[in-house]
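Report on the structure
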Amino acid sequence: MAAKLPLADVKVLDFFWVLAGPGITRSLADYGATVVRVEATTRTDPVRTVGPFKDNQVTQEGSALWWNNNAGKYGITLDMGKPAARAVVHDLVRWADVVTDSFSPKAMKAWDLDYDALRKIKPDIIMISSCLMGQTGPLARFAGFGNLAAALCGFYNLVGWPDRTPSGPFSAYTDYIAPRFGLTALMAALIHRKLTGEGQYIDQAQAESALHFLTVPLVDNAVNGREYNPVANYDATYAPHGVYPAAGDDRWVAIACRTEDQWRAICATMEQSALAEDPRYRTFAGRQNDRAALDLAISAWTRHLEPQAIERKLQAVGVAAYTVQNTFDLAADPQLAHRGHFIEVPHSTVGKTCVENSRFKLSRTPAQVTRSAPALGEYNQYVLGQLLGYSEDQVSQLAVEEIFG
Amino acid sequence: MLDLSTERGFLCGQILGDLGADVIKIEPIGGSPARATGPFVNDAPGPENAIGWLAFNRNKRGITLNLEHPEGRELLRRMAARADFLIESENPGTMATRALDYPALREASPALVYVSITPFGQDGPRVSYVDSDLILMAAGGVLILSGDEDRAPIRMSVPQAYLHASADAAGAALIAYYERLNSGEGQQIDVAAQESIGLAGQSTALAALVNSDETRRMAGGAKMGPIRVPLVWPCKDGLVSCVFLFGAAIGVFSRRLVDHMFEQGACSRAMKDTDWIGYGARLLSGEESMANYERNKEVIAAFLMTRTKAELFEIARANNLLIAPIATIEDVRQNPQFIAREYWQTVAHPGGASLTYPGPFARFSGKPITYRRRAPMVGEHNREVLGAELGLSSEEIANLTRKGII
């Protein structure tokens, strides 16, 4: 029999939404936590409107991004404007170990659900608020998405060509950093609570977490005055280093060469013995100096070959190379398949859905992802009836009062 | 916590050290190779000056230990028997050749949480592939998404893949530790950077499997189906990120933006009266034309060009709009929010340098994160750790030093 999941005793009342917060509670659910995810029918999670959509059909339940971020959670809908709904929330707070929110700082206070209020209901509650800039300071109320935090944190200006306006990272970059720190902070608080019985409040500014991924430039700028501007795929320690065209539409291969041996192996693979013997390219500095010419020579070879073929040839001789994988490549990637990265899980209205597995593996208590994301309001009855122990009559009465929106 | 990791895993131990763990960084004799990698403090190379080392080994003590030597390995086993966590980032198989892999240590240390951070995981067909940050970006499905449409994909110029993996590993380590509080047993954590960095692809990886169109990269923005969504916009004195999108949750921001533009005489009454919440759905159904969408974007672009970054940010804050300046690294350091929250932490280093680091990654009402230790110097805590704590005598330590084991 499988070991009990690590977080089987953890109950979470989840007011997170969009990307960064729900990424935290997805991990908690993977490892056994019971996560009750609250939505409002009048203001459903914007992620439901962002693809990829199953069969390209834009529907409320059809977003694979939504599934992926919310698999395994129990979704309920509540109209927080109704006092009876807030009474249900108070019962959920009593039930929960953890309450989360990722609204701008004023929202939870307006519902009288800020930490001070929650603590009166349940003294040992753990609460985590995760917003762009934090709960205090002049920008505390600056609400927005991860692309704005990424712009303010300097990530945009690090992706681009020197001769053009920066391209920026794909979409809302800080939303993919913050969940890791949020999860770690929450786990630390859960461990502390288990050991001491004390709850606490965590203020996570997604920007403050994300800046840890730019520590080197930030320290360098402060002490050496160096600024970081777009350099495309240039690297100070690899040459040649870049993304080279392969045969086909938008097909590319990434190659990173560090040593002279690797350079000679690339030349041998390209059957370019003159390049291999060229004394200028023995040293890293020589290859770095002439990188434009070397990039052209490599491109002339790669552009006629399938990216996977180049990858295999170069990896076989110890050179770092990989197809610049698109969604089709990822679906066929043997390493990801070996690790069970993509998994099929059932959804109550959509049928079969596909999500990504936990991004880390625990050898004795692996993640269990058995359900997709909840349909809107799917677990209203379950949460009130099974988790809170309300009678059928009570639940029906609340439905009549339209607390579910 | 024993931290044997290379640059691949430094951040994991640092996050846990920030949370209060007693982290012992274990370096090869002479120090970690990361100490030879620039940039350096005052641009002066030296083992105590490497910013990449200093930046990710705070809140750790440091010892040197030669794991190529049997006595070095035996010392490590003794330390592991007293440790709660071990972090390593060797290529799969390397720790087994030293008999320091998880199965080898588990017997003596059944409660050990053993954290492994690698490019592609502990096993599988590509486990011995050579990697780099760029390679992992490519393998994870993130590289294809960033850059300009008419040129090759480009990565972020500051390496990111292993930071994602290390941060994942920290959360995973604490999940395992929480579990251990119930079961008393340890386990191995297997983190593959290829999978960790994949999170930054925002689930576009799933498109093929759900029969959806592929997401293609777009300079300064994102393509959402047929809709080209710009996220980088020029303004009077630079660039801003601005979100002009639709739907119940985001459309209200677009409505407020257009309302503000109308007040400023920057758009027509017809544009102001457009229902931005339902606009996206109408675009997709064909009820609104793509030409109309493109014209609306042109009107917004023209408005943004009449204001500076600072003015637009002020307008965004006053009106609750989704606009923010695109910051340089210097701008980030000067951002009044981080200063007001006393985010930046200054740490004194030997030799007189004071370095300023990004501050706590989260604020705890219980015990706040503090930066109680700068990164260790080479072998700084050999005596403290091996002598006082592991119980080796001065003679034994002198012997080990002579034999090149510490």
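Residues numbered from 1 in each chain as written. Chains lettered and ligands numbered in written order. Predicted model: local features only at pLDDT ≥ 70, side-chain atom pairs only at ≥ 80, totals over all residues.

Some thoughts on the overall build of chain B
- Scanning chain B from N- to C-terminus turns up 17 helices and 15 strands.
- With the C-alpha coordinates aligned to their principal axes, the bounding extent of chain B is approximately 85 × 50 × 45 Å.
- Here chain B, with 406 residues, has 54% of them falling under the buried criterion.
- Long-range pairs, those at least 24 residues apart, make up 67% of the contacts in chain B with a sequence separation of at least 6. (Helix = DSSP H or I, 4+ residues; strand = E, 2+ residues; numbered from the N terminus. Buried ≥ 20, exposed ≤ 12 C-beta atoms within 10 Å, placed from the backbone. Contact = placed C-beta atoms within 7 Å.)

Section: the pairing of strand E11 (residues 351–356) of chain A
All names here are of chain A.
- Where strand E10 (residues 342–347) lies against E11, six bridges are found, and the strand directions are antiparallel. Looking across to E11, one finds that Pro346 is bridged to Lys352.
- The antiparallel hairpin formed by E10 and E11 contains three residues in its connecting segment. (Pairing = 2+ DSSP bridges.)

Section: the sheet that holds strand E1 (residues 11–15) of chain A
- Ordered in space as E3(A)-E2(A)-E1(A)-E4(A)-E5(A)-E6(A)-E15(B), the seven strands form an open sheet in which the pairing is mixed. With one partner strand each, in any of the chains shown, strand E3 (74–77) of chain A together with strand E15 (363–364) of chain B form the two edges of the open sheet.
- Sheet topology note: the strand E5 (residues 126–131) of chain A/strand E6 (residues 200–205) of chain A ladder contains six bridges and is parallel. Looking at the pairing, A:Met127 lines up with A:Tyr201 of E6(A).
- Each of E1, strand E2 (34–39), strand E4 (98–101) and E5 of chain A touches helix H1 (residues 20–30) of chain A; the most contacted strand, E2(A), lies at about 150 degrees to it. (Axes fitted to C-alpha atoms, helices over the stretch in contact; angles between N-to-C directions.)

Quick look at the domain arrangement of chain B
All names here are of chain B.
- For chain B, the assigned domains are domain 1 (2–200 + 341–402) and domain 2 (216–326).
- Taken over C-alpha atoms, the centre of domain 1 sits 43 Å from the centre of domain 2.
- At the interface, seven residues of domain 1 touch four residues of domain 2.
- Its residues assigned to classes, the side of domain 1 that touches domain 2 comprises three nonpolar, two polar and two charged. (Domains from an automatic or database assignment. Nonpolar A, V, L, I, M, F, W, Y, C, P; charged D, E, K, R; others polar.)

A short note on the interface of chain B and chain A
- The partner chain A presents 128 residues to the 128 residues of chain B that form the contact.
- For the side of chain B that touches chain A, the element with the most residues is helix H7 (residues 161–183) of chain B, which contributes 14 residues.
- Classifying every residue of the side of chain B that touches chain A by side-chain character gives 75 nonpolar, 33 polar and 20 charged.
- Summarising the sheet, E6(A) and E15(B) pair through two bridges and their orientation is antiparallel. Its bridge partner lying in E15(B), A:Ile202 is registered against B:Phe364.

Description of the sheet that holds strand E4 (residues 85–88) of chain B
- Taken in spatial order, the seven strands make up an open sheet running E12(A)-E6(B)-E5(B)-E4(B)-E1(B)-E2(B)-E3(B), and their pairing is mixed. In this open sheet, the two strands that pair with only one neighbour each are strand E12 (360–362) of chain A together with strand E3 (60–64) of chain B.
- Sheet topology note: the E4(B)/strand E5 (residues 113–118) of chain B ladder contains four bridges and is parallel. In the sheet register, B:Phe85 faces E5(B), and the bridge partner there is B:Val113.

Brief notes about unusual backbone geometry
Residue and element names in this part refer to chain A.
- For the bond running from Gly51 to Pro52, omega is 5 degrees, close enough to zero to count as cis.
- Its location among the elements puts Pro52 in the loop between E2 and helix H2 (64–70).
- The omega torsion across Ala239 and Pro240 is -10 degrees, close enough to zero to call that bond cis.
- Among the secondary structure elements, Pro240 is positioned in the loop between helix H9 (215–224) and strand E7 (241–245).

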